[in-house]
Protein chains: 2
Amino acid sequence: MPLETPPGYHPLDDRLLIPFLAGLPQVSTHLGGQPKDWKATEVGDGNLNLVFLVEGPEGGVCVKQALPYVRLVGEGWPMTLKRAFFEYCYMREQEPHVGSFMPRLYHYDPALYAIVMERLSPHIIMRHGVIAGRRYPRFVEHITDFMARSLFFTSDLAMQAERKKALTALFCENTELCKITEDLIFTEPYCISARNRWTAPQLDAVAAEFRADPELKLAISRLKVKFLSAGEALIHGDLHTGSVMVTDEDTRIIDAEFAFVGPMGFDVGAVIANLLLGYFSQEGHATAEGERDGYEEWLLDATEGVWIRFAEKFLALWREQASGDAYPADLFADPQSREALEEERQRVLRRLYLDTLGFAAAKMIRRILGLAHVIELERIADPDRRALCELRALRMARDLMVNSDRYPAITDVTAGARRMRQRGRGEL
Amino acid sequence: MPLETPPGYHPLDDRLLIPFLAGLPQVSTHLGGQPKDWKATEVGDGNLNLVFLVEGPEGGVCVKQALPYVRLVGEGWPMTLKRAFFEYCYMREQEPHVGSFMPRLYHYDPALYAIVMERLSPHIIMRHGVIAGRRYPRFVEHITDFMARSLFFTSDLAMQAERKKALTALFCENTELCKITEDLIFTEPYCISARNRWTAPQLDAVAAEFRADPELKLAISRLKVKFLSAGEALIHGDLHTGSVMVTDEDTRIIDAEFAFVGPMGFDVGAVIANLLLGYFSQEGHATAEGERDGYEEWLLDATEGVWIRFAEKFLALWREQASGDAYPADLFADPQSREALEEERQRVLRRLYLDTLGFAAAKMIRRILGLAHVIELERIADPDRRALCELRALRMARDLMVNSDRYPAITDVTAGARRMRQRGRGEL
């Protein structure tokens, strides 16, 4: 039995898609020629949506439509269509700040819950590049521009409270998608849940150990409280390397349906977590001893760069463009107060760094012990080999989350990852 | 020229009030007799509203109607009528938790922005009692019940995220009232502002000193960030002793128009700030040396009781009624995790205590250097005597805010207040 959907909604298909696009003048012009010349292909490999690529004589577009259920699971897991609206709202809100790092937005259809946007080509999902051992020389600069600007400009440092509250209220309605994160990241990996899965029996013991680890469960719960109540900035909410499309020259962020006004460290942590997961997966993809050594180092360099350049850029924005209600300029005009404020900036970034480590760890653990996994690890065919990679990542993550203060600099994180990478099963 | 108001809105007067109430069956029954038997008196002494007491043969009601401007200042300071709606929403939301500590709610009229509620008699505004040196033996138990329950039950400890987000979104619209707090409490007392006033010239030097104090300006700005972004619970937002109506036996909280989902310490801090302001004002009201010594001690006992009993009750609720999304029960079922969670409760309360001290200090300073003052101090006729009381309160508040960690227990706060109380002008 099909799920109930609002009047006017129907899933698009090749037959329905072309007339829909033909009714949008900007899109028609962009595609060129006549609608009969346009060719649509459904390419969605995600869990939640239909995704069509449409090619015309002069250009292409991408159409992303929400389905009323999680595709992976089928109609047994209904999922609000409104997530398409929140993805659109995120893109619209962030466009002035980071438009060049997202697909261009052409149209949002509120009845179809469909976004028409730029078709990215020849971009690929960054995860695939990481599995293939590809370096992206511009990635660190681009993703740190994206994060520093999107987070800064929607925080109280740059925004007046009235605008920020309006933004907060709007995204408070994105409660169902937030709930997925609350359950899948912050809760289920740490208790018995039918949705959890892991490489078994190899990881049975560590999964049981994590479920019985009071320190870890407190640490994840503190992060959950932050996720539930810290309204710091408009975050992407799902900023892993599967939400990043790359070429050597270009970086674009997609899939912002989990967006809401939440803790900034959640976005930065997501990027770092996925670089570290990529790092720990490399041994599983090497076809010869040492083949991936150089690439592993690139991933750790990128990890360091992500924090260092993010922090530099965020601080620079704060120094130069702080027009929000936090730390009012009138209070910090004299030289002594300016100096004190600069020290405060360092302290705030330090707290954000610790949040980032905690959220990064949370995102690593959920990808190994929870419902949704990452292909970097899943595609390691030999389960023993995969489990070894996963176990290293889990041990690293557990320590990062519980003992964040033992990693005062991001180079301590990468050094810790290198040490963990050397451990054999007996030492884990 | 009258301010523009929405269609259907008009300020009530004696002539309009009675027919309005006659149209409300529940209220008519409560008042008894015929509308011609009802007698209305306007008694509003506040800044923002019309307040009518209406007496009928069988009972009385209170009608509170928002005016489109701040009454004290006149039509030069327009103020949204919607604050009446948020006060009503707060009362409706908190009624199941703390109904017996608020006036009973009879009716809300969305066109008139008017609340019809229980007329409290023979209650007086607590500030007047504090000036008169009156003890309220039930106050500590009542106000701590009110705070522990209203804050706990609207926090993530008791609420599901979906409900909490709906509540957050609703009160995000109360942005104009929040802005008053942001400006008058967290900003203006620390810089040059036309709205500031203080006992001059006696306090000119300390006002200038505070405006040039980088540590203090950082501390108040950190508290402001918390006020802007920490969505912990549905707070009253203006919980001073002017929002408390008391008899020896009964305590009722009124005037929740500043309510929003914010930091819990802001409410607890408001109560403590106003007890301490009452304490520091006593010397100004004594008609003979030592006359107020016993009452001063009662105020300090109440200050200690407010924190101690609040913390006990909040912890008890957390242990017994935690059905919210924070610290999920599934993660803390085993004995070791239960023990770890109990330690975490203590840590959370410790952080809330430090927040409370900071917000208390902020509320003390704004009442002496900012726009809105308190009658406990204002009614000290001799400006030198008043300034001495105020200076003690300012010095105490500055240390509380900047050096909160030097006051690890609430008894350190009261001991500090006692020491400050002994200082003469030369030592301040």
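## What about the packing of helix 11 (residues 293-321) of chain A against helix 12 (residues 335-369) of chain A?
Between two packed helices, both the angle of their axes relative to each other and the distance between the axes serve to describe the pair. All names here are of chain A. At a minimum axis distance of 11 Å, the contact between helix 11 and helix 12 shows a crossing angle of 145°. Once helix 11 is placed against helix 12, the crossing between them reads as right-handed. Taking contact as the criterion, the partners of W307, A311, F314, L315 and W318 in helix 11 are, on helix 12, R345, L349, Y353 and T356. A breakdown of the residues in the contact of helix 11 with helix 12 according to their chemical character gives seven nonpolar, one polar and one charged.

## Concerning the sheet that holds strand 8 (residues 124-125) of chain B
Residues and elements named next belong to chain B. Spatial strand order, 8-10-11: three strands in an open sheet with antiparallel pairing. At either end of the open sheet lies a strand with only one pairing partner, and these are strand 8 and strand 11 (251-253). Inspection of the sheet shows strand 8 paired to strand 10 (residues 244-246) by two bridges, in the antiparallel sense. Its bridge partner being in strand 10, I124 is matched across the sheet by V246. Against the sheet, helix 5 (residues 139-152) contacts strand 10 and strand 11, and its axis sits at roughly 35° relative to strand 11.

## Let's talk about the relation of the copies chain A and chain B
Each copy of the sequence occupies a distinct position, and chain A is placed on chain B by a rotation of 180° and an axial shift of 0.0 Å, giving an RMSD of 0.0 Å. The operation mapping one copy onto its partner corresponds to a two-fold rotation axis. Measuring from the rotation axis to each C-alpha of chain A, the shortest distance belongs to A169(A), at 2.0 Å. Take the interface residues of chain A: 100% of them recur as interface residues in chain B, which is what a same-surface contact looks like.

## Focus on helix 14 (residues 383-402) of chain A
Taking 1.5 Å per residue, 20 residues should reach 28 Å; helix 14 of chain A reaches 28 Å between its end C-alpha atoms and fits that length. Taking burial as the measure, the 20 residues of helix 14 of chain A include 14 buried ones, the bulk of the element.

## Quick notes on the sheet that holds strand 2 (residues 49-55) of chain A
Residues and elements named next belong to chain A. Ordered in space as 1-2-3-7-6, the five strands form an open sheet in which the pairing is antiparallel. If you trace the sheet from one side to the other, it starts and ends with strand 1 (39-42) and strand 6 (105-109), each paired once. Strand-to-strand twist across the sheet, computed as the mean angle between neighbouring axes with direction ignored, equals 20°. Pairing of strand 2 with strand 3 (residues 60-66) involves seven bridges; the strand directions are antiparallel. Within strand 3, the residue paired with V51 across the bridge is K64.

## Here's the deal with the interface of chain A and chain B
Facing the 40 residues of chain A at the interface are 40 residues of chain B. Residue assignment for the side of chain A that touches chain B shows that the elements contributing at least two residues are helix 6 (161-172), helix 7 (175-184), helix 9 (214-229) and helix 12 of chain A. Along the lines of polarity and charge, the residues of the side of chain A that touches chain B split into 18 nonpolar, eight polar and 14 charged.

## Considerations on the domain arrangement of chain A
All names here are of chain A. Assigned domains of chain A: these are domain 1 (14-118) and domain 2 (124-427). Look at where the C-alpha atoms of domain 1 and domain 2 centre, and you get two points 27 Å apart. With 16 residues of domain 1 at the interface, the matching set in domain 2 holds 21 residues.

## Regarding the nonpolar core
Core analysis: the largest hydrophobic core is formed by 276 residues, its most contacted members being L276(A), M364(A), A393(A), L276(B), M364(B) and A393(B). Among the elements that make up this core, the one with the highest residue count is helix 12 (residues 335-369) of chain B (13 residues).

## Things to note about helix 3 (residues 83-98) of chain B
At R92(B), helix 3 of chain B is bent by approximately 30°, the largest bend along its length, and proline P96(B) sits one to four residues beyond. Of all the residues in helix 3 of chain B, the buried ones are R83(B), A84(B), F86(B), E87(B), Y88(B), C89(B), Y90(B), M91(B), Q94(B), H97(B) and V98(B).

## So, the environment of P137(A)
Mapped onto the elements, P137(A) comes out in the loop between helix 4 (126-132) and helix 5 (139-152). It is 34 Å that separates the C-alpha atoms of P137(A) and L167(A), two residues lying 30 residues apart in sequence.

## A look at the packing of helix 3 of chain B against helix 5 of chain B
All names here are of chain B. One way to put it is that helix 3 packs onto helix 5 with a least axis distance of 9 Å and a crossing angle of 120°. Between helix 3 and helix 5, the angle is such that the two are oblique. The chirality of how helix 3 crosses helix 5 is right-handed. Counting all contacts with helix 3, which are made through Q94, H97 and V98, the residues of helix 5 involved are F146, R149 and S150. Of the residues belonging to the contact of helix 3 with helix 5, the class tally is two nonpolar, three polar and one charged.

Calculation notes
- Residues numbered from 1 in each chain as written.
- Chains lettered and ligands numbered in written order.
- Predicted model: local features only at pLDDT ≥ 70, side-chain atom pairs only at ≥ 80, totals over all residues.
- Axes fitted to C-alpha atoms, helices over the stretch in contact; angles between N-to-C directions.
- Helix = DSSP H or I, 4+ residues; strand = E, 2+ residues; numbered from the N terminus.
- Left-handed = near helix turned anticlockwise from the far one by under 90°.
- Contact = placed C-beta atoms within 7 Å.
- Nonpolar A, V, L, I, M, F, W, Y, C, P; charged D, E, K, R; others polar.
- Pairing = 2+ DSSP bridges.
- Least-squares fit on C-alpha atoms with pLDDT ≥ 70 in both.
- Expected span 1.5 Å × (residues − 1).
- Buried ≥ 20, exposed ≤ 12 C-beta atoms within 10 Å, placed from the backbone.
- Domains from an automatic or database assignment.
- Core = buried A, V, L, I, M, F, W, Y, C linked by C-beta atoms within 7 Å.
- Bend = angle between axes of the 7 residues up to and from the residue.
- Parallel < 35°, antiparallel > 145°, perpendicular 65-115°, else oblique.

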